[in-house]
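Tertiary structure, described
Residues per chain, in single letters:
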Amino acid sequence: MITKAIIPVAGLGTRMLPATKSIPKEMLPIVDKPIIQYIVNEAALAGIKEIILVTHSSKNAIENHFDRSFELESELEKRVKRQQLKEIKSICPPDIAIMHVRQGETKGLAHAISKAKPLVRGEPFAIILPDVMINQFKCDMRTDNLKEMIDRFNETGRSQIMVQPVQLSNISAYGVIDTGKAFRDKCFEGCIFNEKAYLESQEKSIPIVNLVEKPDADDAPSNLAIVGRYVVSDKIWDYLENTPLGVGDEIQFTDTLRLMCRDYPMDAVLIKGDSFDCGSKLGYMKAFVEYALNSRRFGADIAEFIRKSGLK
Ligand code: G1P
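This one's a predicted model, so the numbers in the text were calculated from it and none came from an experiment. (Residues numbered from 1 in each chain as written. Predicted model: local features only at pLDDT ≥ 70, side-chain atom pairs only at ≥ 80, totals over all residues. Heavy atoms only, no water.)

Some details on the environment of asparagine 294
When you line up the elements, asparagine 294 lands in the loop between α12 (281-293) and α13 (299-310). Note: C-alpha distance between asparagine 294 and isoleucine 226 (68 residues apart in sequence) is 26 Å. From its side chain, asparagine 294 meets the backbone oxygen of glutamate 290 in a polar contact 2.8 Å long. (Helix = DSSP H or I, 4+ residues; strand = E, 2+ residues; numbered from the N terminus. Polar contact = N/O pair within 3.5 Å; in protein donor to acceptor, adjacent residues only side chain to side chain.)

Some remarks on the pairing of strand β6 (residues 125-128)
Across the two faces of β6 the burial is the same, with Phe125 and Ile127 and Ala126 and Ile128 all buried. Here 2 bridges tie strand β1 (residues 4-8) to β6, and the two strands are oriented parallel to one another. Looking at β6, one finds that alanine 5 is bridged to alanine 126. Examined bridge by bridge, β6 and strand β14 (residues 224-232) share 4 bridges and lie antiparallel to one another. Note on β14: the bridge partner recorded for alanine 126 is valine 231. (Buried < 20%, exposed > 50% of the residue type's maximum accessible area, 1.4 Å probe, protein only. Pairing = 2+ DSSP bridges.)

Concerning the site of the ligand
Neighbouring residues of the ligand: Leu129, Val132, Tyr174, Gly175, Glu213, Lys214, Ile226, Val227, Gly228, Gln252 and Thr254. A distance of 2.7 Å is found between an oxygen atom of the ligand and a side-chain nitrogen or oxygen belonging to glutamate 213. Side-chain polar atom of lysine 214 to an oxygen atom of the ligand: 2.7 Å apart, as the coordinates give it. Protein coverage of the free-state accessible area of the ligand, which is 380 Å², stands at 78%. In terms of residue count, the dominant contributor to the shell around the ligand is β14 (3 residues). Split by residue class, the shell around the ligand holds 5 nonpolar, 4 polar and 2 charged. (Near = heavy atom within 4 Å. Areas by Shrake-Rupley, 256 points an atom, 1.4 Å probe, with all protein chains shown as cover. Nonpolar A, V, L, I, M, F, W, Y, C, P; charged D, E, K, R; others polar.)

Here we look at the pairing of strand β15 (residues 266-270)
Across the 5 residues that make up β15, a large majority, 5, are buried. Burial along β15 is two-sided: Met266, Ala268 and Leu270 facing one way and Asp267 and Val269 facing the other are all buried. With 5 bridges joining them, strand β8 (residues 159-165) and β15 adopt parallel strand pairing. Paired with valine 163 across the bridge in β15 is leucine 270. Inspection of the sheet shows strand β12 (residues 206-208) paired to β15 by 3 bridges, in the antiparallel sense. Among the inter-strand pairings, proline 207 is bridged to a residue of β15, identified as aspartate 267.

Geometry only, nothing functional implied.
Structure below.
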């Protein structure tokens, strides 16, 4: 059973400056909720019960967001604002415990994850990168990406890494997987993933034989990029300890996975729906518009506004 998820939130959000000078990037709103609230809800829907935030001294607003605020609650009660009171009280999903551990120094994703080791206590776990929001509006709402990864892990015991095809011109922003020649021959054209061929091939999963963090387009083994969701076995700790400094002088989790996949086979899971890189300004703006358009309360008005402003 996977009941724990690590959410690394210690990053300084420099790509989102000046907005993130004194606000954690995870607290920026998408429609009416901060990004981190969507991420925690996603974990809860996938059956996660314990969330470990790997955090930084400048990120106290995140801890406060999931804590009770008695002053605010009693004020809303006094003013008989029932709906708002209900919303505020349910920010932290029921039965979810949120814990915090400090990263101290920013030395990369693998370093952040290793800080959570004492709280994970030798169990398999999920990792959710809060920069990546996954939109499932366009797909079957019963299909939850993280839940599917957890189910696959439970069936196979193999670690599961979520991937998405991206343009080769953008590949150097991602960790990238190599599926090996046999799978490539069936489901790729050159190094470009062919989703139609994959769906027709009856292959149940995408094998991973190697991973590279932020390769140049010329060196990328494929265009399948890692997009911020992982479910890993407890064997990962041995490899985390032995991961050397990588790209950007950081200890890269992709390198940890590369070391582990030599000993323990792992699979890639194709994302259902789209992902938004909310750690970048354009990705954040696109996510905001998409979520606004799909909002029950504001969707019709925003669609009308965009339609009209498009006609100007
Ligand atoms: C991180 C990971 C990378 C992954 C990306 C998107 O990079 O290191 O492998 O592809 O997130 O999920 P970052 O965006 O922090 O540079």
